[in-house]
Amino acid sequence: MSDTGVHEEPELIQLLTPEGELTGHPDYPLEISADEARALYRDLVLVRRVDSEAVSLQRQGELGLWASLLGQEAAQIGSGRALREQDMAFPSYREHGVAWCRGIQPKELLGMFRGVTNGGWDPHEHGFHLYTIVIGSQALHATGYAMGVQRDGALGEDGTAVISYFGDGATSQGDTNEAFNFASVNNAPVVFFCQNNQWAISEPLERQSRVPIYKRAAGFGFPGVRVDGNDVLAVLAVTRAALANAREGNGPTLVEAFTYRMGAHTTNDDPTRYRASAELDEWKAKDPILRMRRYLEGNGLADEEFFASVDAEADALGEQVRTECRSLPDPEPLEIFHEVYAEPHVHIDRQRAEFAEYLASFEAEGA
Amino acid sequence: MTNLTIGKAINAGLRAAMEHDPKVLVMGEDVGKLGGVFRVTDGLYKDFGADRVIDTPLAESGIVGTAIGMAMRGYRPVVEIQFDGFFFPAANQTFTQLAKMRRRSAGKLSMPVVMRIPYGGGIGAVEHHSESPESYFLHTAGLRVVSVANPEDAYWMIQQAIRSDDPVIFLEPKRRYYEKAEVDTEASIAEAAPMGAARVARPGTDVTLLAYGPMVKTALQAAEADTDHSIEVLDLRSLAPVDYPTVFESVRKTGRLVVAHEATLTGGPGAEIAARVTEECFYHLEAPVIRVAAFDTPYPQSRLEEYYLPDLDRVLDGVDRAFAY
Ligand SMILES: Cc1ncc(C[n+]2csc(CCOP(=O)(O)OP(=O)(O)O)c2C)c(N)n1
Ligand SMILES: [Mg+2]
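Residues numbered from 1 in each chain as written. Chains lettered and ligands numbered in written order. Predicted model: local features only at pLDDT ≥ 70, side-chain atom pairs only at ≥ 80, totals over all residues. Heavy atoms only, no water.

Below, the discussion takes up the sheet that holds strand E5 (residues 114-119) of chain B. All names here are of chain B. If you walk across this open sheet you meet the seven strands as E3-E2-E4-E5-E7-E6-E12, and the pairing is mixed. Where the open sheet ends on each side, the last strands, each with one partner, are strand E3 (53-55) and strand E12 (238-240). Across the sheet, the axes of successive neighbouring strands diverge by a mean angle of 20 degrees, strand direction being ignored. Where strand E6 (residues 144-147) and E12 come together, two bridges link them in antiparallel fashion. Its bridge partner being in E12, Val146 is matched across the sheet by Ser238. (Pairing = 2+ DSSP bridges. Helix = DSSP H or I, 4+ residues; strand = E, 2+ residues; numbered from the N terminus. Axes fitted to C-alpha atoms, helices over the stretch in contact; angles between N-to-C directions.)

Here you go:
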């Protein structure tokens, strides 16, 4: 326990119990076919595999760093699959599951953590902005983008909704709170999706907030809801509803996905310094993948063959991730000067030329 | 004598300051139980408790803004900004409030706040974890800015910074945190070199090579490697104000100056130093002042940082350029 005193809040929206029993929720009806349920399970397993491969690649020195999503798969797949193609997502740095849903190839994520790019994918092509590391910044970008959507008149049933991801720690940041307020007074079509994984590096939730995070929305004048972040069906239903609300011009919603960071903050971190392992055991029982598997098995929606095929697919994906990561080429030194300005710039031009000459002097020496 | 790394020396200095003065507080993200992401505050939470070692909410503007209020109430807060690139949310509180409070209050309010910032590159990190923002601080009246390059200075200068009644930006060379040396922690602070003084790190006669923080080690390596010239290495230690008498004395002796830093070239610390040296030592200069700095681009992805950061070869190239005249 992180002594937050908010674990037992009754308002948690859950459709699927940790035992895999589908209870449903009157406010969030969800029609889901067997195919869709299996597809969600597959997503969960595959993103966990990408993640665990990335952790090993970091250990082997192939990546500089990795921020693991372990434990947060359902929060990310549920919300990611709630998005429509035209929607726009603004991630922080841990949203590998959402990236997956938006068609970002694992190697593009790995490239950033390997240090060969600063992101690199086209945010417009994927409806997925670059990872943002400076905590809270992207909540304002999402809000501004949503204000643009509003001015374009791109609302309505087939309109565009915007979603901003951030963590529990980020709710302390000024930018995040300003985003709440800008979105509220403008009635902007944005969903604030907070993955409350109980920790901001070593600081437990109680260092960030004295009230449950979702309750903060009320003070800004829009609805807040807490969903079981380890229940992919509940996250899907709640996020869909919030996006629909935004899409139809009814303004922002704060969704707090109540979940747990099962791994270290990043590969640089050592959580044994600040949290008890009993807490992890408690959350392992609520594992998002296990729960979905129990549901599929318990209701005869998938057989052994299906689970075996997903595992085989995960193995193949793991192999692919390893190979692709190792073969990511290092950028050319002169790439340092690329894309700093839209127009030619005398300082850059001069420094590029001087540096090219300097590098060439070594080649001449070597020759 | 105790063998300490730079990181451990700052830790020991913080501890000494907290023992010396009950008004000294440490605050920042993860500085408590974790002891900071670089473990610079390790053990302080255990020994001084949560009232004096404060794990703050994740908000840099909040950290610096509340430190200002604490200072008004008679405390001496030492705030940790987790990484250079995360200072910026605190820019408003630092530039419009912290730096100007003494002047605004006609001297009635002191701001004995120390802002510790691990800075600089070379650790293979992702974006915003490798920056050298010193020029922003240098350009702001009301702030003192220092950077340490060895454990001895780390131990004493953090204590001097805490005793200063002015706000001090204390820049810690993160890629050098693990450099070790003997420190006489039993000596008295009164005997330590003043925080504002530059230091001749290695005497020489042909050219002055000026550096601070992480680049001092590179400068010393350059002096070692260059067998053609006798290089005098100056460790600036204080970036604001600059100990110009020591700089001028060295330049008048050698007739040449090369300034090396990780901050970007244009508007960087080297630009101001070059201007002042040109004004004051013009007739002693055998060559223009040469700057070796990072390029005027954002800090690149880590696989390019070896090209971006001025390394031994680039510093030696700078020295060669100073002898081309
Ligand atoms: C402005 C800023 N300050 C500090 C940091 C360093 N930092 C990176 S992640 C992190 C904790 C974030 O916690 P939370 O928002 O809960 O997200 P989580 O990492 O748990 O997903 C901190 C302090 C940062 N990236 N940006
Ligand atoms: Mg968190």
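So that's the structure; there's more coming.
Around ligand 1 there are 20 residues in total, and Tyr93, Arg94, Ile133 and Gly169 of chain A together with Glu60 of chain B lie nearest to it. Each of chains A and B places residues near ligand 1. Tyr93 of chain A has a polar side-chain atom sitting 2.6 Å from an oxygen atom of ligand 1. Contact between ligand 1 and His265 of chain A: an oxygen atom at 3.4 Å from a side-chain N or O atom of the residue. Coverage of ligand 1 by the protein chains reaches 96% of its 580 Å² of free accessible surface. Looking at the shell around ligand 1, its residues break down into 10 nonpolar, six polar and four charged. (Near = heavy atom within 4 Å. Polar contact = N/O pair within 3.5 Å; in protein donor to acceptor, adjacent residues only side chain to side chain. Areas by Shrake-Rupley, 256 points an atom, 1.4 Å probe, with all protein chains shown as cover. Nonpolar A, V, L, I, M, F, W, Y, C, P; charged D, E, K, R; others polar.)

What follows concerns the domain arrangement of chain B. Residues and elements named next belong to chain B. Each domain of chain B was delimited in the assignment, giving domain 1 (2-191) and domain 2 (199-322). With centres defined by C-alpha atoms, the gap from domain 1 to domain 2 works out at 26 Å. Listed by partner, the interface residues are 26 residues for domain 1 and 23 residues for domain 2. Carbon and sulfur atoms supply 50% of the area buried between domain 1 and domain 2, which totals about 1,900 Å² over both sides. The largest share of the area that domain 1 buries against domain 2 comes from Leu138, Arg175 and Arg176, three residues that together contribute 22% of it. Viewed at the interface, domain 2 and domain 1 are joined by three salt bridges. A salt bridge links Arg237 to Asp153; the shortest N-O distance between them is 2.8 Å. (Domains from an automatic or database assignment. Contact = heavy atoms within 4.5 Å. Buried area = accessible area lost by both parts, 1.4 Å probe. Salt bridge = Lys/Arg side-chain N within 4 Å of Asp/Glu carboxyl O.)

Contacts between chain A and chain B engage 42 residues on the former and 42 residues on the latter. Of all residues in chain A, Ile133, Arg273 and Ile336 of chain A give up the largest surface area on contact with chain B, accounting jointly for 18% of the area buried on that side. Along the contact surface separating chain A from chain B lie two salt bridges. The partner of Asp42 of chain B in a salt bridge is Arg273 of chain A, and the shortest N-O contact between them spans 2.9 Å. Connecting chain A to chain B are 16 residue pairs in polar contact (both at pLDDT 80 or more). Those elements that place two or more of their residues in the side of chain A that touches chain B are helix H4 (106-114) and helix H13 (346-366) of chain A. Here the element with the most residues in the side of chain A that touches chain B is H13 of chain A; it accounts for seven residues. A per-class count over the side of chain A that touches chain B returns 21 nonpolar, 11 polar and 10 charged.

Right, let's get into a negative patch on the surface. On the surface, a cluster of negative charge is contributed by Glu365 of chain A together with Glu306, Asp311 and Asp313 of chain B. Here Glu306 of chain B shows up in helix H11 (residues 305-308). The exposure class assigned to Glu306 of chain B is exposed, which follows from its relative accessible area of 54%. (Patch = residues over 30% accessible without salt bridge, like charges linked within 9 Å, V, L, I, M, F, W, Y side chains within 5 Å. Lys, Arg positive; Asp, Glu negative; His and termini not counted. Charge placed at Lys NZ, Arg CZ, Asp CG, Glu CD. Buried < 20%, exposed > 50% of the residue type's maximum accessible area, 1.4 Å probe, protein only.)

Quick look at the coordination of the magnesium ion (ligand 2) now. Residue and element names in this part refer to chain A. Surrounding the magnesium ion (ligand 2) are the protein donor atoms Asp168 (OD), Asn197 (OD1) and Trp199 (O), which sit 2.1 to 2.2 Å from the metal. Motif for the magnesium ion (ligand 2), donor spacing along one chain: D-x28-N-x1-W. The pair Asn197 / Trp199 is uniform in exposure class, with both members buried. (Donors = N, O, S within 2.8 Å, 3.2 Å for Na, K, Ca; no water.)

The next subject is the packing of helix H1 (residues 34-59) of chain A against helix H11 (residues 288-298) of chain A. Residues and elements named next belong to chain A. Two numbers describe how H1 lies on H11: the axes approach to 10 Å, and their chain directions differ by 150 degrees. Put simply, H1 runs roughly antiparallel to H11. Here H1 and H11 pass one another in a crossing that is left-handed. Packed against H1, whose contacting residues are Ala37, Arg38, Leu40, Tyr41, Leu44, Val45 and Arg48, the element H11 presents Pro288, Ile289, Met292, Arg293, Tyr295 and Leu296 at the interface. In terms of residue class, the contact of H1 with H11 is made up of 10 nonpolar, no polar and three charged. (Parallel < 35°, antiparallel > 145°, perpendicular 65-115°, else oblique. Left-handed = near helix turned anticlockwise from the far one by under 90°.)

With that out of the way, let us pick up the domain arrangement of chain A. Along its sequence, chain A is organised into domain 1 (34-326) and domain 2 (333-366). Between the C-alpha centres of domain 1 of chain A and domain 2 of chain A there is a distance of 39 Å.

Following the UniProt record, one finds the feature "domain: Transketolase-like pyrimidine-binding" (unreviewed entry) at residues 4-179 of chain B. Here residues 4-179 of chain B is 36% helix and 18% strand, with 8 Å between the C-alpha atoms at its ends. (UniProt positions renumbered as here; feature names shortened; annotations may be inferred.)

Our focus in this paragraph is the pattern of salt bridges. Counted according to the given criterion, the structure contains 37 salt bridges over all chains. For Asp287 of chain A, the salt bridge goes to Arg48 of chain A, with nearest N and O atoms at 2.9 Å. On the criterion of sequence distance, the pair formed by Asp287 of chain A in the loop between helix H10 (277-284) and H11 and Arg48 of chain A in helix H1 is long-range, its members being 239 residues apart. With a relative accessible area of 10%, Asp287 of chain A lands in the buried category. The salt bridge involving Arg202 of chain B is made with Glu224 of chain B; its shortest N-O contact spans 3.0 Å. Of this pair, Arg202 of chain B sits in strand E9 (residues 199-202) while Glu224 of chain B sits in helix H8 (residues 215-225), and the two are 22 residues apart along the sequence. Exposure remark for Arg202 of chain B: the relative accessible area of 27% places this residue in the partly exposed category. With relative accessibility at 57%, the residue Glu224 of chain B sits in the exposed group. Through salt bridges with shared partners, a single network forms among Arg48, Glu73 and Asp287 of chain A.

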